[in-house]
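Coordinate inspection notes
Residue-level listing of the chains:
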Amino acid sequence: MNSPFFPLDEKLLRAADTAAERCRQPFEQIDAVSQWNSAKVLAAFTRNHVAAEHFAGSTGYGYDDRGRDALDRVFADALGAEDALVRHNFVSGTHTIATALFGVLRPGDTMLCCTGKPYDTLDEVIGLRGEGMGSLKDFGVNYRQVDLKPNGAVDKEALSAALRSERVKLVHIQRSRGYSLRPSLTVEAIGEICRLVHEVSPFTVTLVDNCYGEFVEKTEPTDAGADLIVGSLIKNPGGGMAETGGYIAGRAALVALAANRLTVPGMGKEVGPTLSQLQGMFKGLFFAPHVTAQALKTAVFAAALFETLGYEATPGPDAPRTDIVETIRLGTPEALIAFCRGIQQGSPVDSFAAPEPWDMPGYACKVIMAAGAFIGGSSIELSADAPLREPYAVWLQGGLTFETGRLGVLAAAQALLEAGLLKDS
Ligand SMILES: *Cc1c(COP(=O)(O)O)cnc(C)c1O
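Residues numbered from 1 in each chain as written. Predicted model: local features only at pLDDT ≥ 70, side-chain atom pairs only at ≥ 80, totals over all residues. Heavy atoms only, no water.

Taken as a whole, this structure holds 24 salt bridges when the rule is applied. Between E21 and R24 there is a salt bridge; the shortest N-O distance is 3.0 Å. Taken together, the residues span about one helical turn, with E21 and R24 both in helix α1 (residues 10–47) at a distance of three residues. Across the pair R129 and D123 runs a salt bridge whose closest N-O atoms are separated by 3.2 Å. In this structure R129 comes out as partly exposed when scored by relative accessible area, which is 26%. Taken together, the shared-partner salt bridges connect D72, D83, R87 and K269 into one network. (Salt bridge = Lys/Arg side-chain N within 4 Å of Asp/Glu carboxyl O. Helix = DSSP H or I, 4+ residues; strand = E, 2+ residues; numbered from the N terminus. Buried < 20%, exposed > 50% of the residue type's maximum accessible area, 1.4 Å probe, protein only.)

So this is what it looks like as structure tokens:
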């Protein structure tokens, strides 16, 4: 039925009904995972005796901040890790990953990425682009890469051979697809890679870029043998409530090294004022399994709707998922722009703004982004971004509530239709 608040074209209404039918089964699975992970997170709160006093926050050096320590323990528990470093001081996922890399790697060490080229914003961190900016390369850290096989799987033979031919300090594994169309890596697949790495080379650290993956499955890569996992609090684990920040979780000795990099050697985790950020981070983690489920439902609905409308969406509506990202191949730059403008129009904040492609820091080509979010750049909130390059696909993620996520997706389809760019229309 058409909503008086959000009138849609009849053709889209019919497609939305068809899509809703296809969502039924996948939604049941999403609810089951959300229930499982909600119990896990709640248990982490109760086991660690989270109390109202933990929200007080500290100033200055942040000595003896019991809330900060409790937050680290709760996150560690919820993520199946020995220890965690959860801080609002991390400005982004990229900053958090860079902190973990610089914390573990030393001059002369080799880092190997086994999931092809890592996420675009890591180019300058590793030193694949730019010079003299203080990249890992500038500090004498070598970089190697094992490309994915044509079917998107990790090339285990090549990884094994690379580990045997050279001492590798750290293997970087990216769970989510980033701006590529490869399938994202399941926790099970990541576990297999970690086992292989540790078998061939026991001292090698496995680090998983876990961005967009948290709470999508019942387990995390740390449960499956990863030494470190890293993510952003303005994605899944912040539940849409953390205002900024990131986390690093895993083996305590490695988390300590990352903490030394974030603050200074000798102080590590013992300092860091939490100001007024603790309650939002605790509350965000509490909401995270549920909000992740809302984002997943939005992604599944988008896949079902756009498949119904004749587009290629990956993953498909029925495919198993390990992250909240949906990719829709729109085919032309004009369609990308119309889609992103539609998402923006269907957002609660800045709905009247028209996104334009621009040169984002950290990205190699122009990117268009729709983000009508409460928190700047938050992508657990409904958001879409697309690099203006082949195959002209849009990467869609987030949705704090499925009800509004669904409307945002429909607004994008409506924008395509109104621009005369919708297939068969
Ligand atoms: C979002 C993301 C990052 C980090 O991105 P920021 O914009 O710096 O927060 C890194 N890797 C992957 C796979 C991501 O999805």
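Counting through the fold element by element, D209 comes out in strand β5 (residues 205–209). We note that D209 is buried and unpaired, the nearest opposite charge coming from K235 at a distance of 6.5 Å. Ignoring any residue separated from it by four or fewer positions in sequence, one finds D209 in contact with I97, Y119, H172, I173, Q174, R175, S176 and V230. (Lys, Arg positive; Asp, Glu negative; His and termini not counted. Contact = heavy atoms within 4.5 Å.)

A few words on the environment of L285. With respect to the helices and strands, L285 occurs in helix α8 (residues 278–308). A relative accessible area of 0% means that L285 is categorised as buried. In contact with L285, not counting residues within four places along its chain, are V41, F45, V74, F75, A78, F215 and P237.

Turning to a nonpolar patch on the surface, a few remarks are in order. Side chains of Y61, Y63, V264 and M267 sit close together on the surface and give an oily, nonpolar patch of about 430 Å² of accessible area. Following the sequence through the fold, V264 ends up in the loop between α7 (252–262) and α8. For V264, a relative accessible area of 37% puts it in the partly exposed group. (Patch = residues over 30% accessible without salt bridge, like charges linked within 9 Å, V, L, I, M, F, W, Y side chains within 5 Å. Areas by Shrake-Rupley, 256 points an atom, 1.4 Å probe, with all protein chains shown as cover.)

That's the geometry; what it means functionally is another story.
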